[in-house]
Each structure stands twice: as structure tokens, then as C-alpha cells.
Protein chains: 2
Amino acid sequence: MTYELHYWPTIQGRGEFARLALEAAGAPYVDVARGPESHGQGIRAMERYLDGGSVPRPPFACPFLVDGKRVVGQSAAILLYLGPRLGLVGRSEADRMWTHQVQLTIADVVTEVHDMHHPIGSSLYYEDQKEEALRRAGDFRKNRLPKFLAWFETLLERNPRNAGREVPRLVGARLSYADLSLFQLVEGMHYALPKAARKALKKAPLVAALHAGVSRHRRVSAYLASERRLPFNEEGIFRRYPELDR
Amino acid sequence: MTYELHYWPTIQGRGEFARLALEAAGAPYVDVARGPESHGQGIRAMERYLDGGSVPRPPFACPFLVDGKRVVGQSAAILLYLGPRLGLVGRSEADRMWTHQVQLTIADVVTEVHDMHHPIGSSLYYEDQKEEALRRAGDFRKNRLPKFLAWFETLLERNPRNAGREVPRLVGARLSYADLSLFQLVEGMHYALPKAARKALKKAPLVAALHAGVSRHRRVSAYLASERRLPFNEEGIFRRYPELDR
């Protein structure tokens, strides 16, 4: 069964968390909105789920995953759904809930990263909320980023399966979708706020080690080097505006 | 088994979504941080989970639920965990995923409501970000609130089990935790932005009917009339600042 991932075709954004899981597992999927309209793909195929009158349970926004008749929106819910199917989460309910809880906190950071350049509203351009963005970014760099990274570091310290391992994992001994998402978060921070990220990661060496380890994962590194990996840019969640990284 | 709910003792906040589920199901629970320190409760009991060095899987923030050895943070994850145990979600995986997806979108609205009065940072007072709050609230009232309510209205319209029913449900025919949370969201909007809420709800009559129906639920109405229900105030998520409701 080929999964359909629906997300904006020109940015990594929130779709990248699902994409990384599909790629790391080597799962068959179609990135629908990036495909040709002549094959029934493209943005219009995505918009039919969002705006069409015939979807019984329409997602609020993209990304969403289509698996046969199932339509799953919300990036953390997509991973909750894919995790067991792709072997990217532990088998016990406790491990699954905990991995999801970590993922929801990563999603909270992602929202804060987005709101750093859009503190007033998504309907306005960055330039029209730049003054507010400067203030919000200061708070994010000073308070929020260190607090979140300290929590992830604590989780890695307290995972008993990390003892003696070069590459730590967030949950248990095996790679989970939360590890992939934390990798992506660190990758995004290095792009968007290189100075602040470097400084904050000095105090989170296990997070940095996880990031480095995931980047060497065979399928992940092949994906990152491929054309399927869109480059970061100033339309996505992680944007490089140097004035926000003083 | 008595559940322990840990949340700030003086506000409804994000804890209220779990509290409403526990109350509607008549489940035994202790609101730990509101209890006496002499009984091992109070804020310190909560803080031991957040700051203590001995919790293997510490939540990032409250609210969190303790059920024996299980600790579950993130309000949507708490409801994902409680839903099947309290009979507040359907039995199929499809219903459970869909209910959770709706809950995650409610959580997104709650974050936007919070950021309406704190667009720059939680570490600052409202008064120190009031100008920014005025702008953000305008965007929320004009764009975001109507968009979210229109989506909830669509879900209620498309739920085939709502045909001919006075009180619609978000998923299937029975009360779910998502119904309770949407009730709380509407209740909070009536408190925080009474003018904007009244206007927006005119275009979402099914959402208004759901809200009215939940408020008449036997256990919910008893809870709302009890001292266990904290009043809304200007420390919580939903704050009445008249200047944000023009």
C-alpha cells in the first residue's frame, strides 16, 4: 500500500516530520502536491480534501496522510498513526504514549519557531510584523529554546538504554519517529538561528549527538542528499532572518 | 484506581480539558495541586514531577495525569489516554484517531487564544505586550476564530449520526472528550471575547447547539455549579480584556 502525503510542494514545513519517518522506514509514498496534475496529483488534488464537500472527515490543514480510506491530519497524529506501521515506535502502550508526548512537545516548539517570525498573524507578511518579531525572537532565544533543549537533554540522560551508546535515543534503544523529529528541529534551528542554536546546543551535548547520529542513518542521509529533500527557505517554518539571531 | 490530575490550582487553563472529561465520566480523581500539603498534595507535589531528578519520563509542563506508574503530559495526550478508559471515545481505531485529530486542532486554537494576550512571550506581563496583543487579537477575531469555527461546523454537518438530533456530536453518536473540549472552547470564547464570540457563533449554529447540549449534561452541569469548577480569570488562557474584543 502506497501512502499519500499531502503538503505544500515548495517547503519542508510541518510536512517534513512525516516525510522523514516515511523516508527513514523506506516506506512507499507519493508526495501528492509535488506530483503532476496530469497524474491526478498537484495542489488541486490536495485541496480537494481540504475544501471539497465530499470528504466525511476533512483535515483542518495540511499536512495530512491518506492511507486507503483513512485521512489523518495534524503532524503529530500522522506520526502516531505511522509509528507502529513503520516500526518507528516501541510496542508497549507506555512507549507509544511517551513517544507521542515527546512529539507533541516538539510540535509546540515548531509552533513557537513559526510564531517567532509571525507573532501577529499568518495572514500578514513578515515585513509587516518585523518589530514584533524582533521582540518575540529575543524571548525565544533567551528563554524558550534553552528550556526546550534542556528538557530533551534530560530525557536523553534519563533513558536507561542510552548508557554507553554513542548515539542516544529519546525512547528505548531503537530509532523512533521522535528522534527523527528532534533531528529535524535541530537541523531547522541551525538554519534559522545558527548563532543561538550553536550556543544553546553546547549545553545539550546529547541532543547534538542524537542529531549527528540521525544524519548518518543510511536511509536518512540518502534522503537528505536527494532531490526529494527540499532546501530550507524563507517560506517555511524555519527561516533565516539574520536580525532575529543576534 | 484514583487518577491524579496535576495542574495550577487557581486557573482552568489547559487542565480544564482533562478535568471536564474526568467529571463528565464520574471518574475518581484528585486535583493534586489544589490539595493540602499536609496530605502530600499542593504545588510541591506537582513540582516534584516537573523538577525532581527521579522521574524517568518527566512531563515538560503541567497539566499531566498520573495513573499508577504512568505519567502522561500534554492535554491532548491525556485525553487520548483517558478516552477509552472513561468511555469518552469510539471503539474503532478510526474513531479514536479522528477524535484525537479534532482535539489537536482544539489545542491549536487554545494556543492561539493564549498568544492573543501574550504574542511576544509568556515571560512578560500582558501590559508589556499590549500593543502587540491588540494587533494579534484583531487577526484572531477577523481570520482565525471564524476559520476554526467554520471547520467545527463542517464536522458537525458531515457527521451522519447527527441527522435529526437536537444535540450534535463531533464523532459518532455518543459524547466524546472532543465534544467536552469544544464546549470548553466556546465557553472560554464567551468569557474572553463575548462580542466576537456571539458574532462568530451566529454562523456556527451546530457548534452553539453542541455547547448548549453539553452544558445540560447531568454530570457536567453539576460540576459547573460546584466549587470544583474554578471561575475564569485574568491569569488563565481565556482572559477578558475588553480592548481585545472591539
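Residues numbered from 1 in each chain as written. Chains lettered and ligands numbered in written order. Predicted model: local features only at pLDDT ≥ 70, side-chain atom pairs only at ≥ 80, totals over all residues.

(A) Spotlight on the overall build of chain A. In terms of regular secondary structure, chain A is built from nine helices and four strands. Its helices and strands in sequence order give chain A the pattern β-α-β-α-β-β-α-α-α-α-α-α-α, from N to C terminus. A compact globule built from 246 residues would reach a C-alpha radius of gyration of about 18 Å, and chain A, at 18 Å, matches this within 12%. For chain A, the spread of C-alpha atoms along the principal axes amounts to about 50 × 45 × 30 Å. Residues counted as buried form 49% of the 246 residues belonging to chain A. In chain A, the proportion of contacts linking residues at least 24 apart, taken out of those at least 6 apart, comes to 65%. (Helix = DSSP H or I, 4+ residues; strand = E, 2+ residues; numbered from the N terminus. Rg over C-alpha atoms; globule rule 2.2 N^0.38 Å. Buried ≥ 20, exposed ≤ 12 C-beta atoms within 10 Å, placed from the backbone. Contact = placed C-beta atoms within 7 Å.)

(B) Representation of the sheet that holds strand β2 (residues 29-31) of chain A within the structure. All names here are of chain A. Taken in spatial order, the four strands line up as β2-β1-β3-β4 in an open sheet, and their pairing is mixed. The open sheet has two edge strands with one neighbour each: β2 and β4 (70-73). Across the sheet, the mean angle from the axis of one strand to that of its neighbour is 20 degrees, orientation sign disregarded. (Pairing = 2+ DSSP bridges. Axes fitted to C-alpha atoms, helices over the stretch in contact; angles between N-to-C directions.)

(C) Geometry of helix α7 (residues 194-202) of chain B. Residue and element names in this part refer to chain B. Ala196, Ala197 and Ala200 are the residues of α7 that are buried. Seen along its axis, α7 keeps its buried residues to an arc of 100 degrees; they face one direction. Away from the buried face of α7 by more than 90 degrees, exposed residues Lys195, Arg198 and Lys202 are located. If you follow the buried residues of α7, they end up packed against α5 (130-158) and α6 (177-192). (Arc of directions from axis to C-beta.)

(D) Inspection of the interface of chain B and chain A at higher detail. At the interface, 32 residues of chain B touch 32 residues of chain A. Those elements that place two or more of their residues in the side of chain B that touches chain A are β4 (70-73), α3 (75-86), α4 (93-117) and α5 of chain B. If one sorts the elements of the side of chain B that touches chain A by residue count, α4 of chain B sits on top with nine residues.

(E) Geometry of the domain arrangement of chain A. Residues and elements named next belong to chain A. You can read the domains of chain A as domain 1 (3-86) and domain 2 (93-244). Centre-to-centre, using C-alpha coordinates, domain 1 lies 21 Å away from domain 2. Each side of the interface is counted separately: domain 1 has 18 residues, and domain 2 has 22 residues. Looking at the side of domain 1 that touches domain 2, the elements with two or more residues in it are α1 (15-25) and α3 (75-86). Tallied by class, the residues present in the side of domain 1 that touches domain 2 amount to nine nonpolar, six polar and three charged. (Domains from an automatic or database assignment. Nonpolar A, V, L, I, M, F, W, Y, C, P; charged D, E, K, R; others polar.)

(F) Structural view of the pairing of strand β3 (residues 64-67) of chain B. All names here are of chain B. Examined bridge by bridge, strand β1 (residues 3-6) and β3 share three bridges and lie antiparallel to one another. When the bridges of β3 are listed, His6 appears paired with Phe64. Two elements, β3 and β4, share four bridges in a ladder whose sense is antiparallel. Counterpart to Val66 in the pairing with β4 is Val71. Where β3 hands over to β4, the hairpin turn is made up of two residues, of which Gly68 adopts a positive phi near 65 degrees.

(G) Just the relation of the copies chain B and chain A, in detail. In the superposition of chain B on chain A (RMSD 0.0 Å, axial shift 0.0 Å), the rotation amounts to 180 degrees. Expressed as an axis order, the relation between the two copies is that of a two-fold axis. In terms of proximity to the rotation axis, the leading residue of chain B is Pro119 of chain B, whose C-alpha is 2.9 Å off the axis. A shared interface surface links the copies, since 100% of the contact residues of chain B are contact residues in chain A too. (Least-squares fit on C-alpha atoms with pLDDT ≥ 70 in both.)

(H) Just the packing of α4 of chain B against α6 of chain B, in detail. All names here are of chain B. Contact geometry of α4 with α6 gives a least axis separation of 9 Å together with a crossing angle of 20 degrees. Looking at the two axes, α4 sits roughly parallel to α6. Taken as a pair, α4 and α6 cross one another with a handedness that is left-handed. When α4 is examined against α6, the residues Thr99, Val102, Gln103, Ile106, Val109, Val110 and Val113 are found in contact with a partner set consisting of Tyr177, Ala178, Ser181, Leu182, Leu185, Gly188 and Ala192. Tallied by class, residues from the contact of α4 with α6 come to ten nonpolar, four polar and no charged. (Parallel < 35°, antiparallel > 145°, perpendicular 65-115°, else oblique. Left-handed = near helix turned anticlockwise from the far one by under 90°.)

(I) Local environment of the sheet that holds β3 of chain B. Residue and element names in this part refer to chain B. Across the sheet, four strands lie side by side as β2-β1-β3-β4; this open sheet has mixed pairing. Either end of the sheet is taken by a strand with one partner, and the two such strands are β2 (29-31) and β4. Geometrically, the sheet is characterised by an average inter-axis angle of 20 degrees between neighbouring strands, direction not taken into account. Alignment of β1 against β2, held across three bridges, turns out to be parallel. Across the sheet, Glu4 pairs through a bridge with Val30, a residue of β2.

(J) Just helix α5 (residues 130-158) of chain A, in detail. The end-to-end C-alpha distance of α5 of chain A, which contains 29 residues, comes to 40 Å, matching closely the 42 Å that a straight helix rising 1.5 Å per residue would cover. At Phe140 of chain A, α5 of chain A is deflected by roughly 45 degrees, the largest bend along its length. (Expected span 1.5 Å × (residues − 1). Bend = angle between axes of the 7 residues up to and from the residue.)

(K) Seen up close, the confidence of the model for chain A. Overall, the prediction assigns chain A a mean pLDDT of 97, with 100% of residues at 70 or greater. At the level of chain-chain contacts, confidence expressed as ipTM amounts to 0.97, with global pTM at 0.98. (pLDDT = per-residue confidence, 0-100.)

(L) How the structure looks around unusual backbone geometry. All names here are of chain A. A cis amide bond, omega 5 degrees, links Cys62 with the succeeding residue Pro63. You can see Pro63 is positioned in the loop between α2 (43-51) and β3 (64-67). Positive phi is not limited to glycine here, since Gln74 has a value of about 75 degrees. When you line up the elements, Gln74 lands in the loop between β4 and α3.

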